[in-house]
Amino acid sequence: MLKIHYSLESDVQNVIHDIAAPSEINIQVRNLVLKAKKGQSVARGDMIAEHPSKFGGAYHASVSGKATKVNYHHLTIECDHKENSVEPVDVKSMGPGKDLQRTLQELGIDVAPLSSRCGQLIINGLNPEPGIFVAELLLECENDILEVGLNIVKSLVHPVHTKLAVAKKTSATLSGTESVFVKPKYPNSLNALVIKAVTGKEFCDDTKIMSIMDIYNIGLVAKTGLPVTDTIMTISGHNYRVPFGTPIRHLLNELDMTVKSGDKVVLGGPFRGEAVYSLDEGVKKGDHGLFIISTGQFPSVEDATCINCGECVLSCPARILPNMISRYAEYERFEMAEKYDLHSCFECGLCSFNCTVRRPILQYIRFAKDQLRISGKAE
Ligand code: SF4
Ligand code: SF4
């Protein structure tokens, strides 16, 4: 059995490696508004989809080539391996205001956190999950881009105080912020718990929190004038810059990683990540880790009946009842799941991980939240 560790401390070299371009990419377009058609030629950075929400960032081609397949789930682009790219936008010389906000959104940034002022801005600089070292890597290696990003954010939200939550013992800093040290142990990296660690309160109306990865993307967009088209991932202890849509199969081949029959490939972290249904699935915005879980490392997850042991309740840092919420979600009684504080769950995954009978509690919770969002009953 795999021994799981909860430490969020980095133990890799602070270097970002590039991944060779794949022959085709599969960009997930589910629940997005498509802007590209089958047969269309696209340059790197061309907008291919928009988020339907008011503040969601647009999605762009991460390579130049031709759209060869479009379905409900994916847009496939066959790469021509040319350097065709869109013209950069002069973001840095734009003054703060709605135009800057709209431009950032068109370049792929989710601008919801930038849409109103706040008294306190917290930058979450903790590595998100055990085995994923992207946050500390960016603080160590990309400080100049982070400073550009932070200045843009400050110009839009006008915080009185700006705090950087970082792991205890780290020497990483960010100009224009005051460091607050947090014990680097999962789930302390989750936004709700970072806010509590920094402010001492669970609900702070006048406080916003953004991840160091968000600040980096804003800085990169401002510095290059080009849209966000890739993500940084920790894989097997190394960090890689990976274009959106890169098929998992290509990543595994490039990194000489073997998947045996029965193994699970997980995109995201060991607690919050989700198994991919196909190795052709493409890497998405917000994916920062890839793990292979071998057969037998963990007991498999199954739709078993809850035995009321209470383990999930004991492990829940939100102090809610995951056993009750998951039962109501399983039988699509979403209104009852809401009554049991579904929306207070911040999806740490500890309940699923510790469930005695290995019920997919987190998946039921995400299912309930998704269904309520789709039906317009929740944000
Ligand atoms: S994922 Fe489970 S343990 Fe974590 S906050 Fe939600 S209900 Fe609680
Ligand atoms: S840990 Fe699993 S079996 Fe135990 S109460 Fe929670 S959901 Fe039920």
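All residue numbers refer to position in the chain's written sequence, counted from 1. In the order they appear in the text, chains get letters beginning with A and ligands get numbers beginning with 1. Predicted model: local features are reported for residues with pLDDT of at least 70 only, side-chain atom pairs are reported and counted for 80 or more only, and whole-chain, interface and lining totals are derived from all residues. Only hydrogens and water are set aside; all other atoms, that is, all heavy atoms of the structure, feed into the side-chain values.

A few words on the overall build of the protein chain. Helices and strands together make up the secondary structure of the protein chain, namely 11 helices and 17 strands. The globule rule puts the C-alpha radius of gyration for 379 residues at 21 Å, and the 21 Å found for the protein chain is close to it. For the protein chain, buried positions account for 50% of its 379 residues. Here, residues are in contact when the closest pair of their heavy atoms is within 4.5 Å. Taking the intrachain contacts of the protein chain between residues at least 6 apart in sequence as the baseline, contacts between residues at least 24 apart amount to 70%. To be clear on the numbers: accessible area is Shrake-Rupley with a 1.4 Å probe, and residue cover counts the displayed protein chains and nothing else. A total accessible area of about 18300 Å² is found for the protein chain, and carbon and sulfur atoms account for 49% of it. Positive charges come from Lys and Arg alone, negative charges from Asp and Glu alone, with His and the N- and C-terminal ends not counted. A charge is said to be at NZ when it belongs to Lys, at CZ for Arg, at CG for Asp and at CD for Glu. The positive charge centre, built from 41 side chains, and the negative charge centre, built from 44, are 4 Å apart in the protein chain. Numbering goes from the N terminus for both helices and strands, where a helix is a DSSP run of H or I of at least four residues and a strand is a run of E of at least two. It is over C-alpha atoms that the radius of gyration is taken, and the globule rule equals 2.2 Å times the number of residues to the power 0.38. Relative accessible area decides the class of each residue, using a 1.4 Å probe on protein chains only: under 20% of the type maximum gives buried, over 50% gives exposed, and in between gives partly exposed.

Neighbouring ligand 1 are C316, P317, A318, I320, P322, C345, F346, E347, C348, G349, C351 and I365. Looking at the shell around ligand 1, its residues break down into 10 nonpolar, one polar and one charged. We call a residue near a molecule or strand when any one of its heavy atoms sits within 4 Å of it. Three classes are used, and their members are as follows: Ala, Val, Leu, Ile, Met, Phe, Trp, Tyr, Cys and Pro are nonpolar, Asp, Glu, Lys and Arg are charged, and the others, Gly among them, are polar.

Only the six-membered ring of Trp is used, alongside the rings of Phe and Tyr, when aromatic pairs are assigned; centres must lie within 6.5 Å, and planes under 30 degrees apart are stacked while those over 60 apart are edge-to-face, with the rest tilted. Scanning the model with the defined rule gives five aromatic pairs in all. Both rings, one in Y6 and one in F271, keep their centres 5.3 Å apart while their planes meet at 35 degrees; by these two values the pair is tilted. Of this pair, Y6 sits in the segment before strand 1 (16-18) while F271 sits in the loop between strand 15 (264-267) and strand 16 (274-275); the two residues are 265 residues apart in sequence, bridging distant segments of the chain. When its relative accessible area of 5% is taken as the criterion, F271 is described as buried. Charge-over-ring placement is defined geometrically: NZ (Lys) or CZ (Arg) within 6 Å of the ring centre, and within 35 degrees of the ring normal. Taking the ring centre of Y59 as reference, the NZ or CZ of K285 above it sits at 4.0 Å.

This paragraph deals with the pattern of salt bridges. A pair is scored as a salt bridge if a Lys or Arg side-chain nitrogen falls within 4 Å of a carboxyl oxygen belonging to Asp or Glu. For the coordinates displayed, the defined rule picks out 14 salt bridges. Residues E202 and K196 are paired through a salt bridge, measuring 3.7 Å at the closest nitrogen-oxygen approach. Between E347 and R366 there is a salt bridge; the shortest N-O distance is 2.9 Å. You can see E347 sitting in the loop between helix 9 (334-339) and helix 10 (350-354) and its partner R366 sitting in helix 11 (residues 361-374), a full 19 residues away along the chain. The residues E347 and R366 share a single accessibility class, namely buried. Connected through salt bridges with shared partners, the residues E274, E347, R366 and K369 form a single ionic network.

Buried within helix 1 (residues 98-106) are the following residues: L100, Q101, T103, L104 and Q105. Those residues of helix 1 hidden inside the fold are in contact with helix 3 (143-157) and helix 5 (212-224). Among the residues trailing helix 1, G108 stands out with phi positive, at a value near 105 degrees.

This part is about the environment of E136. Along the chain, E136 turns up in helix 2 (residues 134-141). With 203 residues separating them along the chain, E136 and K339 place their C-alpha atoms 38 Å apart. Residues in contact with E136, not counting those within four places in the same chain, are S10, G125, N127 and A167. In the analysis that follows, any N or O atom pair within 3.5 Å is treated as a polar contact, provided that within protein one partner can donate a hydrogen and the other can accept it, and provided that, for residues neighboring in sequence, both atoms belong to side chains. Among the polar contacts listed, one links the side chain of E136 to the side chain of S10, at a separation of 2.9 Å.

Each assigned domain of the protein chain is listed with its residue range as follows: domain 1 (98-223) and domain 2 (311-374). In this entry, domain limits derive from an automatic or database-based domain assignment. Placing a centre on the C-alpha atoms of domain 1 and another on those of domain 2 gives a separation of 27 Å. If you look at the interface, domain 1 gives six residues, while domain 2 gives five residues. Counting the surface lost from both domain 1 and domain 2, the interface buries some 460 Å², and carbon and sulfur atoms represent 69% of this. Counting the contacts that link domain 1 with domain 2 gives one salt bridge. Each residue belonging to the side of domain 1 that touches domain 2 can be placed in one class, and the counts come to five nonpolar, no polar and one charged. Buried area, as used here, totals the accessible surface that two parts lose on assembly, with accessibility defined by a 1.4 Å probe and the loss added over both.

Turning our eyes to something else, we now look at the pairing of strand 17 (residues 289-293). In this sheet, strand 17 lies alongside strand 13 (residues 230-235) in parallel orientation, the contact comprising two bridges. Paired with T234 across the strands is G289, a residue of strand 17. Strands qualify as paired when DSSP identifies two bridges or more between them.

Our focus in this paragraph is the sheet that holds strand 13. Judged by pairing direction, the sheet is mixed, and its six strands sit side by side in the order 1-14-13-17-15-16 without closing on themselves. The sheet terminates laterally at strand 1 and strand 16, the two strands that pair on one side only. Judged from the three bridges that link them, strand 1 and strand 14 (residues 238-243) form a sheet pairing that is parallel. Bridging across to strand 14, I16 finds its partner in N239.

Bringing the nonpolar core into the picture now. Soluble globular proteins tend to pack their nonpolar side chains together in the buried interior. Here, the term nonpolar core denotes a set of buried Ala, Val, Leu, Ile, Met, Phe, Trp, Tyr and Cys residues that are joined through side-chain atoms within 4.5 Å. Counting 39 residues, the largest nonpolar core has L104, L114 and I212 as the members making the most contacts within it. Considering every element that reaches this core, the biggest residue donor is helix 3, with eight residues. If sequence neighbours within four positions are ignored, L104 has contacts with V91, I109, V111, L114, I152, L156, I218 and V221. Membership of the second largest hydrophobic core comes to 27 residues, among which are Y186, C312, A329 and F346.

Turning to unusual backbone geometry, a few remarks are in order. With an omega of 15 degrees, the peptide bond between Y186 and P187 qualifies as cis. Here P187 lies in the loop between strand 11 (178-182) and helix 4 (191-199). Unlike most non-glycine residues, N31 shows phi in positive territory, near 65 degrees. Of note, N31 is situated in the loop between strand 2 (24-28) and strand 3 (33-34). At H81, a residue that is not glycine, the phi angle is positive and equals roughly 55 degrees. Position of H81 among the secondary structure elements: in the loop between strand 8 (74-79) and helix 1.

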